[in-house]
Amino acid sequence: MINDYRITMYNKVGDSLREFNSRKYGEITFVDATDPYQLLVFFQDYNLILFLDNFLSENGEPVDLQELGYDQISFACQSREKGVWLFDQLRQKIIKLDQNFVPTHESINLAQWFGNNVQPNFMVEFNNQLFIAEKNEGFYVFDHFATFSKRIQLKNAEHPQVISGKINFMRGENLCQYNLKSFETFCDSTIQYKALNVRIEEGKTYINSGKKVQIFKLN
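Attention here is on the structure that accompanies the text. (Residues numbered from 1 in each chain as written. Predicted model: local features only at pLDDT ≥ 70, side-chain atom pairs only at ≥ 80, totals over all residues. Heavy atoms only, no water.)

We now examine the sheet that holds strand 6 (residues 48-52). Taken together, the 4 strands give an open sheet; going across it, the order is 4-5-6-7, and neighbouring strands pair in antiparallel fashion. Of all strands in the sheet, those bounded by a partner on one side alone are strand 4 (30-32) and strand 7 (63-64). The sheet contact formed by strand 5 (residues 39-43) and strand 6 spans 5 bridges and is antiparallel. Bridge pairing in strand 6 places phenylalanine 42 opposite isoleucine 49. (Pairing = 2+ DSSP bridges. Helix = DSSP H or I, 4+ residues; strand = E, 2+ residues; numbered from the N terminus.)

Rendered as structure tokens:
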């Protein structure tokens, strides 16, 4: 669970195990737990990336993106080659760095391509594709060379999660799923959630309301 300056680890039944406090690095912008043994934590205010191990201990020194020549990064996530993806807000480009933080690929200027500035609120790699979301514009999908592939029109998709061929997201208080193969969207209106974050893992739904985490077993 992520709350501003803290990451809390829970077991399967909801008991708190460990906690990471990020006060010295600032407020947490995004945590990419694609690799559970190496979590990527991005701090936009300080333009830093920090890696944590599976016990929430710091794994190496923070990566200062400004020292690497990137001073306007608005989002970052992991890549499958143990490197990172960056979104350069000023240049409107996606940049892929290898595990030594050397650039290997970059996209075209997205503002010129789409006719407006892209302002992502989510970015993650899944199945050799990079998914970038804007709340009011849906998803932009790129291949692992940073080449634009397609757009997915899912407006007002909050707290997205790309997993197992689906995009899980909240729309209002309803939990929804978009199938990446059938292109169909289903929203469950039978249960409404007031949540800061929602994730589905191994047949269970985890609801973070800010004060507590609720766990529901999927039917």
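More follows now that the structure is in view.
Let us look at the packing of aromatic side chains. Enumeration according to the criterion identifies 8 aromatic pairs in this entry. Seen from their ring centres, phenylalanine 114 and tyrosine 140 are 4.8 Å apart, and the 50° between their planes marks the pair as tilted. Separated by 26 residues along the polypeptide, phenylalanine 114 in helix 1 (residues 110-114) and tyrosine 140 in strand 14 (residues 138-143) bring together distant segments of the chain. Taking 6.4 Å as the distance between ring centres and 75° as the angle between the ring planes, the aromatic pair formed by phenylalanine 122 and phenylalanine 139 counts as edge-to-face. One end of the pair, phenylalanine 122, is in strand 12 (residues 122-126); the other, phenylalanine 139, is in strand 14, and 17 residues separate them in sequence. Using a relative accessible area of 7% as the deciding quantity, one classes phenylalanine 122 as buried. Lying over the aromatic face of tyrosine 5, arginine 23 brings its terminal NZ or CZ to 4.0 Å of the ring centre. The residue whose ring lies beneath arginine 151 is phenylalanine 114, and the NZ or CZ to ring-centre distance is 5.4 Å. (Phe/Tyr/Trp six-rings, centres within 6.5 Å; stacked < 30°, edge-to-face > 60°. Buried < 20%, exposed > 50% of the residue type's maximum accessible area, 1.4 Å probe, protein only. Lys NZ or Arg CZ within 6 Å of the ring centre and 35° of its normal.)

What follows is about the state of the cysteines. For the structure shown, the criterion picks out 1 disulfide. Note that cysteine 176 is cross-linked by a disulfide to cysteine 187, the S-S spacing being 2.1 Å. Linking cysteine 176 and cysteine 187, the disulfide has an S-S dihedral of approximately 105° and is accordingly described as right-handed. Taken together, the residues span a long stretch of sequence, with cysteine 176 in strand 18 (residues 174-179) and cysteine 187 in strand 19 (residues 185-188) at a distance of 11 residues. According to the relative accessible area criterion, cysteine 176 is buried, its value standing at 0%. (Disulfide = S-S within 2.5 Å.)

Nothing here speaks to function; it is all geometry.
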